[in-house]
Structure formats: C-alpha cells, structure tokens
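If you want the building blocks of each chain, they are given just below.
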Amino acid sequence: NAGVTQTPKFRILKIGQSMTLQCAQDMNHNYMYWYRQDPGMGLKLIYYSVGAGITDKGEVPNGYNVSRSTTEDFPLRLELAAPSQTSVYFCASSPESGEAFFGQGTRLTVV
Amino acid sequence: AQSVTQPDIHITVSEGASLELRCNYSYGATPYLFWYVQSPGQGLQLLLKYFSGDTLVQGIKGFEAEFKRSQSSFNLRKPSVHWSDAAEYFCAVEVNDYKLSFGAGTTVTVRA
C-alpha cells in the first residue's frame with residue numbers, strides 16, 4: 001500500500017545547483033501534481049499532468065520543469081536553485097474524481 | 001478567478017470542546033469541495049468531500065462539513081475535539097482538470 005512516494009525527504013542545495021525531486025504512485029492514477037507549500041500561503045500548484053506524455057503549467061511554474069514518461073512517475077526538476085525555492089514540495093495523484101492523494105513531502109532548503 | 005478563503009489563521013480549543021473551521025470560496029459554478037488535514041511533518045490527508053446531493057457530509061475522524069450555496073461556505077465541524085486533532089486544516093475547491101485550489105490553512109491547537 002505505497003500510494004504516493006516522494007524522495008528525498010530532505011535536501012539542502014546551494015544556490016545555482018540543480019536537482020530532481022522524485023515522485024511515484026502505484027494507484028494507476030492519470031492525474032498527477034506538484035505543489036509547493038510555504039508558511040501561511042497554503043499549497044500552490046507548480047505543474048500538473050493529465051496522463052503520460054502530457055504536462056502543463058500551474059500557478060508558479062518558473063524555475064521548474066517536469067516530465068511524465070510513464071503513468072507511475074512524475075519527477076520535478078529544479079534548475080539553478082534559488083533561495084526563493086526553499087519550500088516543502090508535495091506530489092499528489094488523483095483519479096478522475098478530483099480526490100487527491102498526497103506524498104509525505106520533500107523539505108528543500110536553498111542556501 | 002477561483003479562490004478559497006480561510007478567515008482564521010489559528011484556533012485554540014479545549015479538549016472535548018466543539019470546533020468549527022470556516023471556509024469561503026469564490027467560484028462560478030457548483031464546486032467540488034474538500035477538507036484536508038496535515039499533521040506536523042506529514043502529507044495531506046482527505047477528511048471529507050462534497051460533490052453534490054446532501055449538503056451535510058460526513059468524513060473521517062468524526063468530522064463533518066456543511067455546504068451552504070447562499071453563503072458560498074463549506075465549514076468544517078467536530079462536536080468534541082481530541083488532542084490528536086491538533087493539526088493544520090486546509091479547505092480546497094476543484095478547478096478544471098481536477099486541480100485543487102487551496103486556502104491558506106487554519107492551525108488548530110488543542111489545550112488540555
């Protein structure tokens with residue numbers, strides 16, 4: 001019963017470095033999402049995907065990229081990390097009901 | 001644009017007392033509405049959802065919520081709070097492509 005799995009759980013990056021946040025789901029959901037959570041701001045949508053090979057921007061996509069080569073995986077790429085990208089990142093997946101299932105999150109600090 | 005407002009940033013409640021968390025939304029059509037709970041260091045867990053039909057919906061952990069179209073509200077309630085209910089609560093509305101728009105959250109502290 002894995003659900004949505006995110007790795008790593010914690011990461012510290014230096015300014016200008018890049019990294020990939022991994023997300024995998026085993027529920028055969030077509031819809032997948034990346035959110036970032038900042039204190040007092042709720043969750044903001046970064047990117048989403050409605051199926052393998054299809055991705056689109058959310059509210060705050062700048063500085064990020066995604067790909068969706070399989071139904072299961074939806075990695076988030078940070079290029080040229082900046083302090084403004086310090087946040088907690090959540091991956092989620094959803095069947096067509098709109099009920100999202102969330103991973104445990106990745107806490108990223110950019111210094 | 002669709003939006004979700006949670007007017008209360010922080011609520012403190014005594015164990016055994018009742019709890020009500022407010023949520024107001026701005027949306028052109030009949031929305032799909034959700035409440036999620038986030039315990040410290042954890043991901044979000046769905047408490048309950050409203051799609052259509054009965055405007056009073058029951059969720060997990062003894063929570064319920066009432067959809068009031070006239071007030072554009074979807075308030076969450078629990079009759080008797082337990083210490084384990086201390087967490088952050090998020091109201092959300094579904095926008096197109098099954099994306100969720102979240103409120104800023106309400107932190108609940110439970111005192112003994």
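Model, not experiment: these values are computed from the prediction. (Residues numbered from 1 in each chain as written. Chains lettered and ligands numbered in written order. Predicted model: local features only at pLDDT ≥ 70, side-chain atom pairs only at ≥ 80, totals over all residues. Heavy atoms only, no water.)

J.: Explain the overall build of chain B to me, please; I cannot follow it from the model alone.
T.: Each helix and strand counted, chain B has zero helices and twelve strands in total. Helices and strands appear in chain B in the N-to-C order β-β-β-β-β-β-β-β-β-β-β-β. At 13 Å, chain B has a C-alpha radius of gyration in line with the 13 Å of a compact globule built from 112 residues. By principal-axis analysis of the C-alpha atoms, chain B measures approximately 40 × 30 × 20 Å. Here chain B displays about 5300 Å² of accessible surface, and carbon together with sulfur accounts for 47% of that area. Across chain B, 9 positive and 10 negative side-chain charges occur, with their mean positions spaced 1 Å apart. (Helix = DSSP H or I, 4+ residues; strand = E, 2+ residues; numbered from the N terminus. Rg over C-alpha atoms; globule rule 2.2 N^0.38 Å. Areas by Shrake-Rupley, 256 points an atom, 1.4 Å probe, with all protein chains shown as cover. Lys, Arg positive; Asp, Glu negative; His and termini not counted. Charge placed at Lys NZ, Arg CZ, Asp CG, Glu CD.)

J.: Can you walk me through the overall build of chain A in this structure?
T.: Across its full length, chain A carries zero helices and eleven strands. Its helices and strands in sequence order give chain A the pattern β-β-β-β-β-β-β-β-β-β-β, from N to C terminus. Radius of gyration (C-alpha) of chain A: 13 Å, near the 13 Å computed for a compact globule of 111 residues. Taken along the three principal axes of its C-alpha coordinates, chain A extends 40 × 25 × 25 Å. Taking all 111 residues of chain A together, 46% fall into the buried category. Sequence separation of 24 or more characterises 53% of the internal contacts of chain A that already satisfy a separation of 6 or more. Only carbon and sulfur atoms are counted for the fraction: they give 52% of the accessible area of chain A, which is about 5200 Å². Within chain A, the 9 negative side-chain charges are centred at a point lying 12 Å from the centre of the 9 positive side-chain charges. (Buried < 20%, exposed > 50% of the residue type's maximum accessible area, 1.4 Å probe, protein only. Contact = heavy atoms within 4.5 Å.)

J.: Hey, could you run me through the pairing of strand 3 (residues 19-25) of chain A in this one?
T.: Successive side chains on a regular strand alternate, one facing one side of the sheet and the next facing the other. Residues and elements named next belong to chain A. What you see with strand 3 is a clean split: M19, L21, C23 and Q25 sit on the buried side and T20, Q22 and A24 on the side with no burial. Both strand 1 (residues 4-7) and strand 3 contribute to a ladder of four bridges, which runs antiparallel. Among the inter-strand pairings, V4 is bridged to a residue of strand 3, identified as Q25. Alignment of strand 3 against strand 8 (residues 76-78), held across three bridges, turns out to be antiparallel. Its bridge partner lying in strand 8, L21 is registered against L76. (Pairing = 2+ DSSP bridges.)

J.: For this particular structure, what's the right way to read the state of the cysteines?
T.: Two cysteines joined by a covalent bond between their sulfur atoms form a disulfide. Enumeration over the complete set of coordinates arrives at two disulfides over all chains. One disulfide in the model links C23 of chain A with C91 of chain A; its S-S distance is 1.8 Å. On the sign convention where negative means left-handed, the S-S torsion of about -70 degrees between C23 of chain A and C91 of chain A marks this disulfide as left-handed. Here C23 of chain A, found in strand 3, pairs with C91 of chain A, found in strand 9 (residues 87-94); they are 68 residues apart in sequence, far enough to count as distant. Relative accessible area serves as the criterion here: at 2%, C23 of chain A is assigned to the buried category. What pairs with C23 of chain B in a disulfide is C91 of chain B, and their sulfur atoms sit 2.0 Å apart. (Disulfide = S-S within 2.5 Å.)

J.: What am I meant to see in the sheet that holds strand 7 (residues 64-66) of chain A here?
T.: Within a beta sheet, neighbouring strands are joined by backbone hydrogen bonds and run either parallel or antiparallel to one another. Residues and elements named next belong to chain A. Read across the open sheet, the four strands follow the order 1-3-8-7; overall the sheet is antiparallel. Looking at the sheet topology across the chains shown, the edges are occupied by strand 1 and strand 7. Each strand axis lies, on average, 20 degrees off the axis of its neighbour in the sheet, ignoring direction. (Axes fitted to C-alpha atoms, helices over the stretch in contact; angles between N-to-C directions.)

J.: Whenever I open this one, the interface of chain A and chain B confuses me. Can you help?
T.: Bring the parts together and some accessible area is lost; that lost area is often taken as the interface size. Listed per partner, the contact involves 20 residues of chain A and 21 residues of chain B. For the pairing of chain A and chain B, the buried interface totals around 1700 Å² over both sides, and the portion due to carbon and sulfur atoms is 53%. Taken together, chain A and chain B are joined by one salt bridge. As a salt-bridge pair, E99 of chain A and K49 of chain B come within 2.7 Å of each other at their nearest N and O atoms. Joining chain A to chain B, the criterion identifies four residue pairs in polar contact (both at pLDDT 80 or more). Among the elements of the structure, strand 4 (31-37) and strand 5 (43-51) of chain A are those that each provide at least two residues to the side of chain A that touches chain B. The residue inventory of the side of chain A that touches chain B, partitioned by class, reads eleven nonpolar, seven polar and two charged. (Buried area = accessible area lost by both parts, 1.4 Å probe. Salt bridge = Lys/Arg side-chain N within 4 Å of Asp/Glu carboxyl O. Polar contact = N/O pair within 3.5 Å; in protein donor to acceptor, adjacent residues only side chain to side chain. Nonpolar A, V, L, I, M, F, W, Y, C, P; charged D, E, K, R; others polar.)

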